[in-house]
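Spelled out from the first residue to the last, the chains are:
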Amino acid sequence: MKWCEMRREKEKQPKGENIIECPLREDILFGKGQTVTKHPGNVGMRKLVEARMDQYQVAVFKDKSRLAREVVAEVKAGGGRFLKECSHGLFVEVDDETARKKVCYRGLPCA
């Protein structure tokens, strides 16, 4: 029954929007809770952020945002996507600016 609901929801989405049914291990998931926190992609992103903390602490304002963009680029280069749940367990990929803000929120405070 849940599959039918997911299928109907997927069919309602605009044609140009890429609906993702099953995130990959490399993907970064938006959201809260242990499922998101423990997702392998989110764990990997936190490690990338932690690796840049020394640079971040001495960086000027514009460089802080650049460091976050580097994390986004590195995730994508490794095959990862930044995904936001739209409904019923389906996901959509977010744009790079939204992804950058996710990185900033997770550990590199920047505007």
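Residues numbered from 1 in each chain as written. Predicted model: local features only at pLDDT ≥ 70, side-chain atom pairs only at ≥ 80, totals over all residues. Heavy atoms only, no water.

1. Here we look at the sheet that holds strand 2 (residues 28–29)
Note the cut-off: Two strands form a pair only when DSSP identifies at least two bridges running between them. Each helix corresponds to a stretch of at least 4 residues labelled H or I by DSSP, and each strand to a stretch of at least 2 residues labelled E; elements are numbered beginning at the N terminus.
Pairing is mixed in the open sheet, where four strands are placed in the order 1-4-3-2. Every other strand in the sheet has two partners, leaving strand 1 (19–20) and strand 2 as the edge strands with one partner each. With two bridges joining them, strand 1 and strand 4 (residues 90–93) adopt antiparallel strand pairing. Paired with Ile20 across the bridge in strand 4 is Phe91.

2. Some words on the confidence of the model for the protein chain
Heads up, the condition is: pLDDT measures how confident the predictor is about each residue, on a scale from 0 to 100.
With 78% of its residues at a pLDDT of 70 or more, the protein chain shows a mean pLDDT of 83. Across the protein chain, element-level confidence peaks in strand 2 with a mean pLDDT of 95 and bottoms out in helix 1 (residues 2–12) with 56.

3. As for the pattern of salt bridges
So the rule is basically this: What makes a salt bridge here is a side-chain nitrogen of Lys or Arg within 4 Å of a carboxyl oxygen of Asp or Glu, nothing more. Whether a residue is buried, partly exposed or exposed follows from its accessible area with a 1.4 Å probe, protein chains only, as a fraction of its type maximum: under 20%, in between, or over 50%, in that order.
Tallied over the entire structure, the rule returns seven salt bridges. Measuring nitrogen to oxygen at the nearest pair gives 3.6 Å for the salt bridge that ties Arg66 to Asp63. On the criterion of helical spacing, the pair formed by Arg66 and Asp63 is a turn pair, its members being three residues apart in helix 5 (residues 61–77). Among the residues examined, Arg66 registers a relative accessible area of 34% and is labelled partly exposed. A residue is classified by how much of its surface remains accessible, and Asp63, at 23% relative accessible area, is partly exposed. Bridged by salt links that share partners, the residues Arg52, Asp63, Arg66, Glu70 and Glu74 form one connected network.

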